[in-house]
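Survey of secondary and tertiary structure
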Amino acid sequence: MALLDLLGRRWAMRAIWELRAGPLAFRALQERCGGVSSSVLNQRLAELREAGVVERADGGYALTGEGERLLEAYRPLDAWARRWARRAGAG
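Quick look at the structure, then. (Residues numbered from 1 in each chain as written. Predicted model: local features only at pLDDT ≥ 70, side-chain atom pairs only at ≥ 80, totals over all residues. Heavy atoms only, no water.)

**Some points on the overall build of the protein chain**
Which entries qualify depends on this criterion: In this description a helix means any DSSP run of H or I spanning at least four residues, a strand means any run of E spanning at least two, and both kinds are numbered starting from the N terminus. Exposed residues in this analysis have more than 50% of their type's maximum accessible area, buried residues have under 20%, and partly exposed residues fall in between, with area computed by a 1.4 Å probe over protein chains only. Residue contacts are counted whenever heavy atoms from the two residues lie within 4.5 Å of one another. In this description, accessible areas are obtained by the Shrake-Rupley approach with a 1.4 Å probe, and a residue is regarded as covered only by the protein chains that are shown. Positive charges come from Lys and Arg alone, negative charges from Asp and Glu alone, with His and the N- and C-terminal ends not counted. Where a charge lies is defined by one atom per residue type, namely NZ (Lys), CZ (Arg), CG (Asp) and CD (Glu).
Across its full length, the protein chain carries five helices and two strands. Overall, the protein chain shows an N-to-C arrangement of helices and strands of α-α-α-α-β-β-α. Overall size of the protein chain, expressed as C-alpha extent along the three principal axes, is 45 × 25 × 25 Å. For the protein chain, with 91 residues in total, the buried portion stands at 33%. Contacts in the protein chain between residues far apart in sequence, at least 24 positions, make up 47% of those at least 6 positions apart. When the accessible surface of the protein chain is summed, it comes to about 6000 Å², and 52% of that surface belongs to carbon and sulfur atoms. Placing the 15 positive and 11 negative side-chain charges of the protein chain at their respective mean positions leaves the two points 7 Å apart.

Now the structure itself:
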């Protein structure tokens, strides 16, 4: 439940998703998250760092090994969401 609480916080999953291709500087991550305030992004990054999902890297922020494994868990959710979106769009 603690993981779901963390991931359910606004912008947490998006930040993880945007870091999937490699490290990003804070401003670049903020731009990719489109619309997140710097204070909220700072808070989410701090929470994700504390959870061991994100770390500071030379290029800014990056996923840890645990973060990479968590990202793999997104794949079934993505597949489900795509099926759901097709059904919802057809209805």
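Having seen the model, we can carry on.
**Concerning helix 4 (residues 38-50)**
Convention followed: To estimate the expected span of a helix, subtract one from its residue number and multiply by 1.5 Å. In this description, the arc belongs to the directions extending from the helix axis to the C-beta atoms.
The first and last C-alpha atoms of helix 4 sit 18 Å apart over 13 residues, in line with the 18 Å expected at 1.5 Å per residue. Here helix 4 has its buried residues at Leu-41, Arg-44, Leu-45, Glu-47 and Leu-48. Relative to the axis of helix 4, the buried residues are bounded by an arc of 160° and lie together on one face. Every exposed residue of helix 4 that faces more than 90 degrees away from the buried side is listed here: Ser-39 and Glu-50. Among the structural elements, helix 1 (2-7), helix 2 (12-18), helix 3 (26-32), strand 1 (54-57) and strand 2 (60-63) are those in contact with the buried residues of helix 4. Two residues or fewer past helix 4, Gly-52 is found with a positive phi of approximately 80°.

**A closer look at the nonpolar core**
Worth spelling out the cut-off: Grouping buried Ala, Val, Leu, Ile, Met, Phe, Trp, Tyr and Cys residues that are joined through side-chain atoms within 4.5 Å yields what is termed a nonpolar core.
Ranked by size, the top nonpolar core spans 21 residues in total, and within it Ile-16, Leu-19, Leu-29, Leu-41, Leu-45, Leu-48 and Val-54 carry the most contacts. Secondary-structure elements contributing two or more residues to this core are helix 1, helix 2, helix 3, helix 4, strand 2 and helix 5 (65-90). Sequence-distant contacts of Ile-16, defined by excluding residues within four places in its chain, comprise Leu-7, Leu-48, Val-53, Leu-63, Leu-70, Leu-71 and Tyr-74.

**Regarding the pairing of strand 1**
We apply this condition: Strands are treated as partners if at least two bridges between them are detected by DSSP.
Taken together, the four bridges between strand 1 and strand 2 define a ladder with antiparallel strand orientation. Looking at strand 2, one finds that Arg-56 is bridged to Tyr-61. Hairpin connection of strand 1 to strand 2: two residues between the antiparallel strands.

Scope: geometric values only; no functional claims are made or implied.
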